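# Structural overview for review
Listed below are the residues making up each chain.
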Amino acid sequence: MRLWLWRERVLSRRRVVSAAGCRPNPSPFAAGLLLHSRAVPLHRDTGPAGMDLSDLFAVFDSGWPRLHHLLALLCLCVVVYKSRVFWLQRRTEFRITEHFPGPPRHWLCGNILQFKHDGTDFDLILKWAGQYPCAFPMAFGPFVCFLHIYHPEYVKLLLSSTEPKDDVIYRFIEPWIGNGLLVSNGQKWFRNRRLLTPGFHYDILKSYVTLMSDTATTMLDKWGRYANANESFELFDHVSLMTLDSIMKCAFSYNSDCQTEGGKNDYIKAVYDLANLINLRMRIFPYHNDLIFHLSPTGFRFRKACRIAHRHTAEVIRKRKEALKEEKELERVRSKRILDFLDILLSARDENQNGLSDEEIRAEVDTFMFEGHDTTASGIAFILYCLACHPEHQRLCREEVTDVLCDKDTMEWEDLNKIPYTTMCIKECLRLYPPVPGIARKITKRLKFFDGRTLPAGSKVSISIFGLHRDPAVWENPHVFDPLRFLPENISKRSPHTFVPFSAGSRNCIGQNFAMNEMKVVVALTLKRYHLIEDPTQKPKLIPRLVLRSLNGIHIKIKPVAE
Ligand code: HEM
């Protein structure tokens, strides 16, 4: 464009100059320009390009201001266009506020500034839930607004639908775990869910119980040093390493030694950073824009942590592929009775005999690596904390476990169904401390709720599992730990959508049996060896992340049972 303008200027000037019978004296720079243009023949007698410096300055003098005007106009158009897009987006997003009153919000920051990240955020959500029945809108910046729901009938309507995942939070997770089962939608999700479901078959889960027992024992052995110290210790990190070890052994047949190698595991640290950075991205609304986030220091840290996480999963896949090549294992895998999850991924074929691409395999491994360890770590850590705070229930669980295990130090598949009281305690902990405190969808069709209120298509909805599990309309004394709520006769009195730690409907947790088994194994073996004691000076400060965490960690004291 610039060249063309210059050329036109030069040409018109040359025409004027030649009409006046003058021959311009060109500069070499202008000559270059004209040579490229080819439109103007060079005249020997006028010098290489037929133009002098003053001509060139004249070109600049007269051409640049116009170019600036053009650019300014272009910028203005972009700004007007973008403003309109944002305005429309804001109008669509905030349409939900018409039918749903909610807490006051700042015009620019929405409700973000009301969250202090000091362990009181869930209290605030529960306070608002008490003020606004069923649902309230919650804005993250000027353009993103979710309807936050926590009434069982609202939750039921949404989870029974096939509405896709929302395009904010899950989009922020995607660079890390790819378009795997957790994030994908539509046909791709459907096909992959069907291909991967055999990985959670009863026969396969059965073979994992001994491995889970072994990894739990490694952790409990390490705890020996805290057992007589009469000091509390932080257990979330220990449990995270243990669940990582366990998912790697069970799902990927990978012995990592991550529990015993000492120091912090890079992958665990990266997962911790990623969860924090995704949360930060959610809260700082300019970061919702991909380009701004990419160029920011937070985006840089996010990419670095992603690289560490991907390196970890790539290594797991690489080792297995090598083994497959060397041992011609694929045939063996097909004929083998018990497969691990990675076998299923590598050998899965749909009806057209198409397998998963390398990209898909990596996404699923990343998804299962994260989902399979961080959620269960949160679950187990809070369960042990709850039992430490409720010695009377802890005692009953221990009696039950000891009756079942007798002298055994390991848990077996057959034992899992013999500890009903412990199972009720686990469920009660999942109610009070749901490892996944919220999930989100973007609705494609208008939704009408049981109370007549409607939600327009295009709205974003977040299901507060935390809020639902503490809804006083459903749960009597919702903050009180009472495992008897999960007696079969009490469960049958409630809607199944009152308790959804693993979500519900077609997008429920594919790993829930795996997770329940692991929680039972770890709780049983821990109670068999140690008394868990609360440290009243170190109460957890709950913070909403991708999984429920505590700002100050989770601290308990332990004492050997034999004493
Ligand atoms: C206590 C432990 C766990 C809890 C509380 C939990 C909870 C959940 C929840 C609430 C969802 C729905 C997410 C959404 O709709 O966005 C989900 C999905 C999922 N979970 Fe879990 N999970 C746990 C353990 C596991 C484990 C151990 C695995 C794998 C081994 C796993 C793999 C997945 C996958 C792949 C999905 C996506 C399923 C789909 O959309 O088809 N989870 N989980």
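Model, not experiment: these values are computed from the prediction.

When helices and strands are counted, the protein chain shows 21 helices and 11 strands. Among the 563 residues that make up the protein chain, the fraction classed as buried is 40%.

Taken together, the three strands give an open sheet; going across it, the order is E3-E11-E8, and neighbouring strands pair in antiparallel fashion. With partners counted over all chains shown, the strands left at the sheet margins are strand E3 (233-234) and strand E8 (530-534), one partner each. When E8 meets strand E11 (residues 555-560), the two strands line up antiparallel, connected through five bridges. Bridge pairing links histidine 531 to lysine 559 in E11. Strands in contact with helix H16 (residues 358-389) are E8 and E11; relative to E8, the strand with the most contacts, it is inclined by about 80°.

Once that is clear, we can look at the sheet that holds strand E2 (residues 145-149). Spatial strand order, E1-E2-E7-E4: four strands in an open sheet with mixed pairing. Looking at the sheet topology across the chains shown, the edges are occupied by strand E1 (135-139) and strand E4 (438-442). Within this sheet the neighbouring strands show an average axis-to-axis angle of 30°, counted without direction. Judged from the five bridges that link them, E1 and E2 form a sheet pairing that is antiparallel. The residue of E2 that forms the bridge with alanine 135 is isoleucine 149.

The next point concerns the environment of isoleucine 380. Along the chain, the position of isoleucine 380 falls in helix H16. With 30 C-beta atoms counted inside 10 Å, the residue isoleucine 380 sits in the buried group. In this structure the C-alpha to C-alpha distance between isoleucine 380 and leucine 235, which are 145 residues apart in sequence, comes to 9.7 Å. Discounting residues that sit within four places of it in the chain, isoleucine 380 has contacts with Val239, Thr243, Met519 and Val522.

This part takes up the site of the ligand. With respect to spatial proximity, 23 residues lie near the ligand, and among them Gly372, Thr375, Cys509, Gly511 and Ala515 are the closest. Contributions of two or more residues to the shell around the ligand are made by H16 and helix H21 (512-529). Among the elements that make up the shell around the ligand, the one with the highest residue count is H16 (seven residues). Residues that form the shell around the ligand fall into these classes: 12 nonpolar, seven polar and four charged.

This paragraph deals with unusual backbone geometry. Of note, the phi angle at histidine 117 is positive, near 55°, even though the residue is not glycine. Looking at histidine 117, the number of C-beta atoms within 10 Å reads 13, which means it is partly exposed.

Turning next to the packing of helix H6 (residues 169-177) against helix H11 (residues 266-283). Two elements in contact, H6 and H11, have axes whose closest approach is 10 Å; the angle formed by their N-to-C orientations is 145°. Crossing handedness for the pair H6 and H11: right-handed. In this structure, H6 contributes Ile169, Phe172, Ile173 and Trp176 to the contact, and H11 contributes Leu274, Ile278, Arg281 and Met282. Along the lines of polarity and charge, the residues of the contact of H6 with H11 split into seven nonpolar, no polar and one charged.

What follows is about the confidence of the model for the protein chain. Overall, the prediction assigns the protein chain a mean pLDDT of 87, with 86% of residues at 70 or greater. Scored below 50 in pLDDT, residues 1-6 makes six contacts in the model with residues more than four places away or belonging to other chains. Under a pLDDT of 50 for its full length, residues 16-49 has, in the predicted model, 43 contacts with residues more than four places off or in other chains.

Turning our attention to H6. Residues Ile169, Tyr170, Phe172, Ile173, Trp176 and Ile177 constitute the buried set of H6. The arc enclosing the buried residues of H6, seen along the axis, measures out at 155°, which places them on a common side. Immediately downstream of H6, the backbone of glycine 178 shows phi near 65°, a positive value.

Cut-offs and rules
Residues numbered from 1 in each chain as written. Predicted model: local features only at pLDDT ≥ 70, side-chain atom pairs only at ≥ 80, totals over all residues. Helix = DSSP H or I, 4+ residues; strand = E, 2+ residues; numbered from the N terminus. Buried ≥ 20, exposed ≤ 12 C-beta atoms within 10 Å, placed from the backbone. Pairing = 2+ DSSP bridges. Contact = placed C-beta atoms within 7 Å. Axes fitted to C-alpha atoms, helices over the stretch in contact; angles between N-to-C directions. Near = placed C-beta within 6 Å. Nonpolar A, V, L, I, M, F, W, Y, C, P; charged D, E, K, R; others polar. Left-handed = near helix turned anticlockwise from the far one by under 90°. pLDDT = per-residue confidence, 0-100. Arc of directions from axis to C-beta.

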